[in-house]
Amino acid sequence: MLTQTFKPNFIALSVIAGMLNSTSVFAQTEQTQDIETISVLGKTYRNTATKTSLEPEETPQAINIIENEQLDQRGVKSLNQALRYTPGVVTEQKGSSVTMYDTFNIRGFNVNQSYYDGLVLQYLTGWNLQPQIDPIAIQQIEVFKGPTSVLYGAMPPGGMVNMIAKSPQAESNTDISVGTGSRNLMEASIDSTGQIGDSNFNYRFIGLARKQDSQVNHAEEERYVIAPSIDWNVSENTLINFNLYYQNDPSMGINSAMPASGMFVDSPTGESTNPNTFVGDKNWSTFEREFLLVGYKVDHKFNNNWSFLQNARYMQADLYQENTYHSCYTYGGVEYCDFDESTGNLSRNIYSTDESSKGITIDNQLSGYVVSGNWEHNLLLGVDYQRSKGDSAYKEFASSDSSFYDFNIFNPNNDLLDRSSLTETYAQNDDIEVEQLGFYLQDQIRLNNFVVLMGGRYDLYTAKNDSDVYGSSKVEENEFSYRIGGLYEFSNGIAPFVSYATSFEPQAGLDSSGNPFKPEMSNQVEAGLKYTSPERSVSSTITGYRIVKSDAIIANPVDYVDPAVQVGEITSQGVEVEGKWFVNENLDVTASYTFSDVEITEDSVYSLEGTTPIYVPEHMANLWANYFIYDGALGGTRASAGVRYVGEMYADATNTQGKVPDYTIVDLSFGYDFGYLDSSMSGASANLIVNNVFDEESYTCYDIYNCWYGAERTVELNFNYNF
């Protein structure tokens with residue numbers, strides 16, 4: 001169980017101090033935006049695509065940036081929600097109510113762990129424990145597409161997500177926010193920064209308290225965050241940053257699925273479920289997590305051409321859950337199913353997990369600028385290391401009260417379990433350790449308008465799992481990954497690019513013969529065009545890509561005996577188009593379209609060749625527009641609207657259980673600056689957010705026996721004060 005010894009009263013604290021959760025209604029000139037970006041991101045910022053301060057536009061691979069202003073406008077509460085409008089990303093794979101981890105894929109490949117300020121948020125392999133960063137602490141999110149092993153080591157080939165932390169600023173600024181909304185939302189937060197007196201220290205303090213009912217009945221979502229940081233400007237050439245992030249989640253919604261019968265699949269009984277249906281039991285529904293991140297950065301300039309950055313972090317995390325599950329599977333050629341479609345009866349299994357982990361990560365980067373004739377070299381040499389150790393205690397129980405097993409999804413009674421009737425029937429304890437040491441070298445070469453980016457990396461990777469049930473397994477891999485790409489910047493703002501990159505993903509576990517799984521190896525060819533107009537009012541990117549993953553591992557679609565199988569090869573190819581247009585000082589529009597073609601291209605064992613993995617729609621499209629009013633009776637108003645479309649997806653890995661329907665969702669957001677109404681109210685603003693305006697039902701599925709509802713309509717109102 002978690003020890004919840006620290007739960008500060010942030011609501012009282014926020015009323016006293018300050019917050020940053022709203023968006024300014026003022027449009028900025030492009031020049032002002034560039035100056036502010038340099039300041040806001042901080043001196044230790046390095047972009048995700050190159051681990052340097054080079055502009056992302058100079059990178060011959062696709063990258064999407066989601067700025068803090070966009071997060072505020074949309075009222076996002078998680079990384080899952082923040083990625084809704086990103087091309088090539090399918091987010092919220094387990095619906096809206098499973099909030100204990102972020103579930104998304106990029107270009108058809110699942111991403112199991114994300115990055116925070118350039119360092120990985122370590123995940124307890126095979127289990128549920130994963131730190132999540134609340135958007136209150138995020139300055140911007142960078143989504144880097146394609147293989148990224150050349151800079152980060154073991155990674156999926158679709159891409160990665162790096163959340164850039166808010167950093168201390170020299171200019172004093174404090175923001176306070178309180179909010180309320182659907183499902184009894186109560187939220188208060190503070191974001192305060194500035195110089196400490198006349199010293200060489202700048203500080204930032206971020207705090208958040210949030211509580212809300214879950215979308216499903218009998219569950220809650222509750223969170224408390226503290227994130228202080230300090231910049232010590234030791235000299236003009238040396239900066240040391242100390243940072244801490246603490247998060248306590250006493251309640252994290254649910255972690256269970258439900259059959260598709262009565263959702264988008266007609267039930268033989270003619271009855272239906274709804275987005276509020278809960279298939280667990282309120283007497284056995286606990287999801288709590290607590291974690292701490294403590295880190296530092298040292299940024300030193302040797303001279304105008306050479307600098308060194310060391311970025312390090314310690315992580316400690318705990319999670320406890322009590323939950324139920326159901327399954328339908330084949331064992332020895334016979335199908336067993338806990339769900340009776342003819343009646344709606346669902347026989348649930350009772351379990352708990354108690355998980356903990358500790359880890360360290362450190363990244364050392366030496367950057368240099370060398371000129372040789374007309375050639376400019378931006379060099380990067382790096383060594384990074386990460387290690388995590390964790391354990392999980394898994395238990396299953398049986399109830400002596402038979403009424404618990406008579407649950408019906410169409411007439412749910414969530415108060416059937418008597419905890420005193422439980423008897424432990426199974427226990428499993430796993431100890432997990434992961435270690436990775438990587439050496440990398442990168443050179444960005446510029447000759448006038450021509451840019452070449454190339455790099456290589458060598459990794460030593462080890463993963464161990466000691467289980468008191470399944471025995472011990474160990475994976476040791478030494479892998480080399482690389483990339484090379486070129487980009488040419490024409491004077492009219494057009495920049496064509498092409499690149500080739502590789503990645504690797506070691507996999508823990510054993511195949512049906514008792515041999516360790518081979519590492520999944522991937523490569524990507526990508527080509528496209530980037531465009532920025534001379535006055536920077538229009539920017540766009542179009543890219544085509546082809547990713548091939550060999551020795552790919554998927555869930556076994558045939559037999560429960562071997563839950564994971566190595567099928568052979570998966571190919572993902574597609575096109576992504578994105579553009580932003582500042583039409584005038586009042587209106588800006590962002591739009592994107594994604595076409596994806598993902599299928600298993602080699603499988604000689606399970607007859608899956610030609611099938612498409614789950615969670616992969618063929619078409620997706622997004623549109624977001626902001627309109628600012630500066631004059632007249634409505635002066636100080638911002639009106640924003642978005643439309644997001646996700647196409648239909650296969651409901652299961654064999655592609656035999658039909659498809660999950662497509663959906664189109666409309667979101668609205670309105671902001672108002674009270675300073676336009678009266679100068680004495682300068683700094684006060686409000687933000688009204690309506691997500692899923694028309695309450696469109698959406699779904700995701702692992703198979704038709706395990707599905708989730710998407711988010712229903714929500715309304716949120718925030719009041720903010722800045723001084």
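Fair warning: this is a prediction, and the values are worked out from it, not measured in the lab.

Chemist: I'd like a description of the nonpolar core, backed by residues and values.
Modeler: Residues Leu83, Tyr116, Ile133, Ile141 and Tyr245 are the most contacted members of the largest nonpolar core, which totals 50 residues. Excluding its chain neighbours within four sequence positions, the residues that come into contact with isoleucine 141 are Asn64, Ile65, Ile66, Leu71, Leu79, Ala82, Leu83, Val161, Asn162 and Met163. If you look at the next biggest cluster of nonpolar residues, it comprises 23 residues, including Met258, Met263, Phe339 and Phe410.

Chemist: Quick one: what's the story with the environment of lysine 77, residue by residue and with numbers?
Modeler: Examined against the element boundaries, lysine 77 turns out to sit in the loop between helix 3 (68-74) and helix 4 (79-82). Residues lysine 77 and asparagine 274, spaced 197 residues apart in sequence, show a C-alpha to C-alpha distance of 23 Å. Non-local contacts of lysine 77, meaning those with residues more than four positions away in its chain, are made with Asp134, Pro135, Glu187, Arg210, Arg223 and Glu716.

Chemist: Go over the sheet that holds strand 3 (residues 104-106), please, and point to the residues and values.
Modeler: One open sheet holds the three strands; their spatial order is 2-3-4, and the pairing between them is antiparallel. Because the sheet does not close on itself, it has two edges, and the strands there are strand 2 (89-91) and strand 4 (109-111). Taking each pair of neighbouring strands and ignoring which way they run, the sheet shows an average axis angle of 30 degrees.

Chemist: Tell me about the state of the cysteines, residues and numbers included.
Modeler: Applying the stated criterion across every chain yields a total of two disulfides. Shown here is the disulfide that connects cysteine 328 with cysteine 337, its sulfur atoms set 1.8 Å apart. Across the S-S bond linking cysteine 328 and cysteine 337, the dihedral sits near 40 degrees, which makes this disulfide right-handed. Under the relative-accessibility criterion, cysteine 337 is labelled partly exposed at 34%. The disulfide partner of cysteine 701 is cysteine 707, and the S-S distance across this bridge is 2.0 Å. Taking the sign of the S-S torsion, about 105 degrees here, the bridge from cysteine 701 to cysteine 707 comes out right-handed. We note that cysteine 701, like cysteine 707, is buried. Each bonded cysteine in the protein gets a number by its place in the sequence, and the pairs come out as 1-2, 3-4.

Chemist: Talk me through the sheet that holds strand 5 (residues 115-116); I want residue IDs and the actual numbers.
Modeler: Read from one edge to the other, the open sheet built from five strands follows the order 1-7-8-5-6, with strand pairing classed as mixed. Each edge of the sheet is formed by a strand with only one pairing partner; in this case those strands are strand 1 (63-67) and strand 6 (119-120). With two bridges connecting them, strand 5 and strand 8 (residues 159-165) associate as parallel partners. Following the sheet pairing, tyrosine 116 is matched in strand 8 by methionine 163.

Chemist: I'd like to hear about the pairing of strand 21 (residues 375-399), residue by residue, with values.
Modeler: Across 23 bridges, strand 20 (residues 349-372) lies against strand 21 in antiparallel orientation. The partner of asparagine 364 across the bridge, within strand 21, is valine 383. As defined by bridge partners, strand 21 adjoins strand 22 (residues 422-447) across 25 bridges and the pair is classed as antiparallel. Of the residues in strand 22, the one forming a bridge with glutamine 386 is glutamine 436.

Chemist: Provide a residue-level description of the packing of aromatic side chains, including the pertinent values.
Modeler: Across all of its chains, the model carries 19 aromatic pairs by this definition. Taking the centre distance of 5.8 Å and the plane angle of 15 degrees together, the rings of tyrosine 245 and phenylalanine 291 count as stacked. Placement of the pair is tyrosine 245 in strand 13 (residues 238-252) and phenylalanine 291 in strand 14 (residues 286-301), with a sequence separation of 46 residues. Residue tyrosine 245 shares its accessibility class with phenylalanine 291, and that shared class is buried. Looking at lysine 51, its charged tip hangs above the ring of tyrosine 152, at a distance of 4.6 Å from the centre. Cation over ring: arginine 107 sits above tyrosine 545, and NZ or CZ is 4.1 Å from the ring centre.

Chemist: An account of a nonpolar patch on the surface is needed here, citing residue identities and associated values.
Modeler: On the surface, Phe450, Tyr488, Phe490, Ile494, Leu529, Ile542, Val575, Val577 and Tyr593 cluster together to form a nonpolar patch covering roughly 700 Å² of accessible area. Position of phenylalanine 490 among the secondary structure elements: in the loop between strand 24 (471-488) and strand 25 (494-505).

Chemist: A description of a negative patch on the surface should follow, citing residues and the corresponding values.
Modeler: Among the surface-exposed residues, Asp354, Asp391, Asp431, Asp466 and Asp468 lie close enough to one another that they form a single negatively charged patch. The class for aspartate 354 is partly exposed, based on a relative accessible area of 31%.

Chemist: How would you sum up the pattern of salt bridges? Please name residues and give values.
Modeler: By the definition in use, this model includes 29 salt bridges. Note that lysine 77 is salt-bridged to glutamate 716, the shortest N-O span being 2.8 Å. Taken together, the residues span a long stretch of sequence, with lysine 77 in the loop between helix 3 and helix 4 and glutamate 716 in strand 38 (residues 714-722) at a distance of 639 residues. Comparing lysine 77 with glutamate 716, the two get one shared label, buried. One salt bridge connects lysine 145 with glutamate 576, and the closest N-O pair in it is separated by 3.0 Å. In this pair, lysine 145 is assigned in strand 7 (residues 138-145) and glutamate 576 in strand 28 (residues 564-582), connecting sequence segments 431 residues apart. The same class applies to lysine 145 and to glutamate 576, which are both buried. Through salt bridges that share partners, Lys77, Asp134, Glu187, Arg210, Arg223, Asp249, Arg289 and Glu716 make up one connected network.

Calculation rules
Residues numbered from 1 in each chain as written. Predicted model: local features only at pLDDT ≥ 70, side-chain atom pairs only at ≥ 80, totals over all residues. Heavy atoms only, no water. Core = buried A, V, L, I, M, F, W, Y, C linked by side-chain atoms within 4.5 Å. Buried < 20%, exposed > 50% of the residue type's maximum accessible area, 1.4 Å probe, protein only. Contact = heavy atoms within 4.5 Å. Helix = DSSP H or I, 4+ residues; strand = E, 2+ residues; numbered from the N terminus. Pairing = 2+ DSSP bridges. Axes fitted to C-alpha atoms, helices over the stretch in contact; angles between N-to-C directions. Disulfide = S-S within 2.5 Å. Phe/Tyr/Trp six-rings, centres within 6.5 Å; stacked < 30°, edge-to-face > 60°. Lys NZ or Arg CZ within 6 Å of the ring centre and 35° of its normal. Patch = residues over 30% accessible without salt bridge, like charges linked within 9 Å, V, L, I, M, F, W, Y side chains within 5 Å. Areas by Shrake-Rupley, 256 points an atom, 1.4 Å probe, with all protein chains shown as cover. Salt bridge = Lys/Arg side-chain N within 4 Å of Asp/Glu carboxyl O. Lys, Arg positive; Asp, Glu negative; His and termini not counted. Charge placed at Lys NZ, Arg CZ, Asp CG, Glu CD.

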